[in-house]
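# Structure at a glance
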Amino acid sequence: MFRPAFKLALGVALALLSLWLAAHRLSFTTDRTQLLDPNNPVQRDWARYRAKFGRTTDYVLLVRGQNVEQARQATDLLGQALKKSPRFQHVFYRLDLPGVLAHGIYFLRLNELREMASWLQGARPWLDLLSAHPRPEVLLRQLGVLLNDQAMQHQLRPILPMLVRTLEGLADSLETGGRSAFQSPLGPFQADVQMLAGRTVRPDQTVFYNQLMDGKTFMLVALPADMSGSFLADIATLSELQRLVSGVRRQVPDVYIMLTGEPAINTEEMITARQDASRCAAAALLFTSLLLVLAFGQITRPLCAVVSLVLGLCWSIGFAALTVGELNLLTVHFVTILTGLGITFSIQMLSEFQKVRAQGKTAEVAVAASLSEARHQAVGAITTAIAFLSLHFTAFRAGAELGWITGMGVLLCYLATLTMLPSLLLLCEAGRACKGHPRYARMLVPLELALRRRPRLVCLVSLAWTLIACGYLGRIPFDYNLLHLQAADAEAIRVEAYLQRIGYSTLYAISMAPDAETARVRAEKLRKLPSVSRVESVLSLEPNQVEEKTAVISQLVKMAPGLSLPQHTPDLGATELMLMYDSYMGMRQRINSAVRSLANEPEGPRLQRVVSRLEKLLNPENPGPISAGLEAYQKALLQDLQSQLATLRKQRAEPPDMLKLVPPEVRLRSISADGTVCLRVFPKEDCWERIPLSHFISDLTKVDKDITGTPVLIYNYLEQLRGAYSISGRNALVVIVVLLLGYYRSLRWAGLALLPKLLGVIWMIGVLGLIQAEFNAANFLALPLTLGIGLIFGMESLRMSRLPYRPLMSRQSAGFAVGLSGLTTLVGFSTLMGAEHRGVASFGLVMSVGVGMNLLTSLVLLPALLAWKGLRTTKP
């Protein structure tokens, strides 16, 4: 009571110190994986993975163009830009494996290798013929001689597919005058490597792009250079990435680039949450202030209440900086929550202060009278704090931190009301005229009187609604999909929908095998699980059926040195073309006879069609296009055969050791320093949904009990969340009952004080059922909180109902302070409903409904019940 200016200066100094602590010690975390208790077994498995592989959480970019070449061009541009940027490291968008060149044919299928060996064996006489007689007319005459040999016709059958493709390519070149694109007759080959499944490869290929299963979408992954977890660093990294993406879009306008990955999703979500928190906190403070000004009919006293609340919020922020140090997606909204709760205590004091001042008393007497009623508010503050603090003793870390910060924040706001508000009122009201409640308060008196005259009707209507609401108990569905919590237009939702359309997902589990051999065995077991789509690791680059291939490749390696090709193609003038045509016409009957003998072969019909095309195209009266087409094709064919033969001669019979050949950016993500191999296991169904996620985790634990990764964390996170909130709700209820029994020292009055709260929860469930709302990971928090928040409404209503009611003499509604307290709390939570983050908005909805229903049971039902039963006695 004494020295109000000193007390206020001390409070302001403490607030400034708190803000300084927040600026230097309070940060934001976007890491979802830290939401569980560090001692949780699931969290320990995740920590063990991070200890071996570091914070290897990639930014992921998906590139898709109007065609594959356009997408590849954009991928190269973006990949090079990422490598040059100092904010990224270990960029991976393609595999550069020069060491694979000597083992390239191991990447082909076993049946294709066997066909290649058969082709080369069968084509050897033809290659010898081509090498010995490169001139077309001589080659055709020798070809006719060979075709008369039945043994040679038999050897022609294995190479028939290659021969047909060669003749078709020649026909295309003749038709276009040599302008058609050359297609190698020796391909394409299907990759026999799990990571390249469904893609075609060349034996001399050493560059492999990181493509998804649809073959049209390219993927780039990059680690941030700053992996400290700093929110400011994450924002800078994301901004740089968006800038680089915009630059590539300007260079390749038609390309579609999608940004995802855990750090991108978390950072964008945290940015949205911070913006929502700032906007909602400001809105809550503004609307609360306006409501107080309207309710009390002046500016000065509500302003004192708001200033004391702001000081209490500053102290709470400093407390959070000292004790927690980091705010997550849940705790970032604690200021908005405290705004609605903390002002409640000021309203009770202001109401008493204004009532006494209306009687002509001095400010000092009015402040003393207000403080004498503080013990009633203390119980409400403690019960509200208990509701939050009960979360602190759960294994769900994010909820525990929210409970700790907000519970202690409630007490600090109450302390600010007891210390700062009286000092402010004394400084502002000294020597000023008295002023009572405005007409807004008196307007509530007729409504209150009307309800009190019909207590039975109010109780019967309340009973009917309670029975209806009970029908919804246990029937409100729970939405487990965390994507549904984010903003509706979030990039993560669009990307995930796209990935699922092509059989992919950003969710994958992680299995750590101590060595490569164990990893191979475990990967095979995981692939056989019904809920697993595929398993990826560095071992996915190893060729299949190595032992069987080694025998065939050894044969090819031995065969390669004996194969020969001409060094150049002969010039084709008019004379050469006429000689070739004459040679062909002379061998025409033999060639057609050989073609007919092969008609029953699988490629026989195609061979007949292409020979007919060539006869029509070989028109000696039009030698120009023939010369250009034939010369272009024979040069391209010879270059291709020479390249293929050179590659074959470089091959080694021993299989490649892919663990040594992979580049550092791949090894970093796949093999730890102690040789542990990381297996990434992808689900077959949408594991954002509960049932597929449960089946996926259940299957995985049969193979690896220490399985970890985002799906495992999400599954346990949701289980811990529901269990933690249920336990904390029961614990809070027990403590509140004990507290009320100690305060009232009467089971009946403690029960009456608790009744509005319990019925308010039931009514809340009923309203949520009627509007078809769903619980989720964000708004389920409201259930334990509603047990403590608003308990003071019932206590104050009970206290006033037990006093002689003289509304016409006091010209003040008995429910004014309770109603105004409820409305300000309602305003605080309802501002959250405007958040872009749908989880936060749904939390605001559930809390607003809960507070509203608690206000109705306290202001309407409880007084009616007391009036009906005639429960009235002296003030406790």
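In the block above lies the structure referred to throughout.
Residues numbered from 1 in each chain as written. Predicted model: local features only at pLDDT ≥ 70, side-chain atom pairs only at ≥ 80, totals over all residues. Heavy atoms only, no water.

Okay, the overall build of the chain next. Counting its regular elements, the chain contains 33 helices and 16 strands. Among the 876 residues that make up the chain, the fraction classed as buried is 56%. Residue pairs in contact within the chain that sit at least 24 positions apart in sequence constitute 84% of those at least 6 positions apart. Counting only carbon and sulfur atoms, one obtains 59% of the accessible surface of the chain, whose full area is about 37,200 Å². (Helix = DSSP H or I, 4+ residues; strand = E, 2+ residues; numbered from the N terminus. Buried < 20%, exposed > 50% of the residue type's maximum accessible area, 1.4 Å probe, protein only. Contact = heavy atoms within 4.5 Å. Areas by Shrake-Rupley, 256 points an atom, 1.4 Å probe, with all protein chains shown as cover.)

Before going further, it helps to examine the sheet that holds strand β2 (residues 59-64). The antiparallel open sheet is built from four strands, whose spatial order is β3-β8-β2-β9. Lying at the two open borders of the sheet, with one neighbouring strand each, are β3 (88-92) and β9 (256-260). Going from strand to strand, the sheet's axes swing by 20 degrees on average, the running direction of each strand aside. Pairing analysis gives three bridges linking β3 to strand β8 (residues 218-224), with the strands arranged antiparallel. What sits directly across from Q89, in β8, is L223. The strands touched by helix α18 (residues 491-501) are β2 and β9; relative to β9, the strand with the most contacts, the crossing angle is about 110 degrees. (Pairing = 2+ DSSP bridges. Axes fitted to C-alpha atoms, helices over the stretch in contact; angles between N-to-C directions.)

To continue, consider the packing of helix α2 (residues 41-53) against helix α27 (residues 710-744). A pair of packed helices is characterised by two quantities: the angle between their axes and the separation of those axes. Packing of α2 against α27 leaves a shortest axis separation of 10 Å and a crossing angle of 155 degrees. Classified by the angle between their axes, α2 and α27 sit roughly antiparallel to one another. Judged by the twist between their axes, the crossing of α2 over α27 is left-handed. Contacts between α2 and α27 involve V42, Q43 and W46 from the first element and V712, L713 and N716 from the second. By residue class, the composition of the contact of α2 with α27 is four nonpolar, two polar and no charged. (Parallel < 35°, antiparallel > 145°, perpendicular 65-115°, else oblique. Left-handed = near helix turned anticlockwise from the far one by under 90°. Nonpolar A, V, L, I, M, F, W, Y, C, P; charged D, E, K, R; others polar.)

The next thing to look at is the pairing of β8. With seven of seven residues buried, β8 lies mostly within the body of the structure. The alternating pattern of β8 places F218, L220, A222 and P224 on one face and M219, V221 and L223 on the opposite face, and all of these are buried. Pairing geometry for β2 and β8, over five bridges, is antiparallel. When the bridges of β8 are listed, V60 appears paired with V221.

For the rest of this paragraph, the subject is the environment of R596. Here R596 is to be found in helix α21 (residues 574-597). Spatially, the C-alpha atoms of R596 and Q608 are 7.7 Å apart, while their sequence positions differ by twelve residues.

With that out of the way, let us pick up the pairing of strand β12 (residues 509-513). Within a regular beta strand, the side chains point alternately toward one face of the sheet and then the other, so they alternate between its two faces. In terms of burial, β12 is a largely internal element, five of the five residues being buried. The alternating pattern of β12 places A509, S511 and A513 and I510 and M512 on opposite faces, both of which are buried. In this sheet, strand β14 (residues 677-683) lies alongside β12 in antiparallel orientation, the contact comprising five bridges. In the strand pairing of β14, A509 is matched with V681. With two bridges connecting them, β12 and strand β15 (residues 708-709) associate as antiparallel partners. When the bridges of β15 are listed, A509 appears paired with G709.

With that out of the way, let us pick up the sheet that holds β12. Pairing is antiparallel in the open sheet, where four strands are placed in the order β13-β14-β12-β15. Looking along the sheet, the strands with just one partner apiece sit at the ends: β13 (532-536) and β15.

With that settled, consider the packing of aromatic side chains. Applying the stated criterion to the full structure yields 13 aromatic pairs. Residues Y743 and Y744 carry aromatic rings whose centres are separated by 4.9 Å and whose planes lie at 80 degrees to one another, so their mutual orientation is edge-to-face. Overall, the relative accessible area of 11% leaves Y744 in the buried class. Members of the aromatic cluster, connected to one another through ring pairs, are F478, Y480, F775 and F780. When the ring centre of Y209 is taken as origin, the NZ or CZ atom of R72, which lies over that ring, is 5.2 Å away. The positively charged end of R534 is found above the aromatic ring belonging to F682, 4.3 Å away from the centroid. (Phe/Tyr/Trp six-rings, centres within 6.5 Å; stacked < 30°, edge-to-face > 60°. Lys NZ or Arg CZ within 6 Å of the ring centre and 35° of its normal.)

This part takes up unusual backbone geometry. Despite not being glycine, H90 shows a phi value in the positive range, around 50 degrees. As for its placement among the helices and strands, H90 is situated in strand β3. Residues other than glycine seldom take positive phi values, yet Q545 does so here, at roughly 50 degrees.

All chains considered together, the criterion is met by 19 salt bridges. Salt-bridge contacts for D704 lead to R522; the nearest nitrogen and oxygen are separated by 3.4 Å. Placement of D704 in the loop between α26 (690-703) and β15 and of R522 in helix α19 (residues 516-527) is noted, with a sequence separation of 182 residues between them. Salt-bridge contacts for E536 lead to R534; the nearest nitrogen and oxygen are separated by 3.2 Å. With a relative accessible area of 19%, E536 lands in the buried category. Among the residues examined, R534 registers a relative accessible area of 14% and is labelled buried. A single salt-bridge network, built from bridges that share partners, covers D76, R94 and D96. (Salt bridge = Lys/Arg side-chain N within 4 Å of Asp/Glu carboxyl O.)

Between the first and last C-alpha of helix α8 (residues 231-251) there are 31 Å, a value that for 21 residues agrees with the 30 Å anticipated at 1.5 Å per step. The complete set of buried residues in α8 reads F231, A233, D234, T237, L238, E240, L241, L244, V245, G247 and V248. (Expected span 1.5 Å × (residues − 1).)

Turning our attention to helix α7 (residues 160-176). Between its first and last C-alpha, α7 extends 24 Å over 17 residues, near the 24 Å set by a 1.5 Å rise per residue. G177 occupies a position one or two residues after α7 and carries a positive phi of about 65 degrees.

On the surface, a nonpolar cluster with roughly 400 Å² of combined accessible area is contributed by L460, L463, L467 and W868. Here the nonpolar patch gets three residues from one element, more than from any other, and that element is helix α17 (residues 455-470). Tracing the chain through its elements places W868 in helix α33 (residues 838-869). The partly exposed category is assigned to W868, whose relative accessible area is 34%. (Patch = residues over 30% accessible without salt bridge, like charges linked within 9 Å, V, L, I, M, F, W, Y side chains within 5 Å.)

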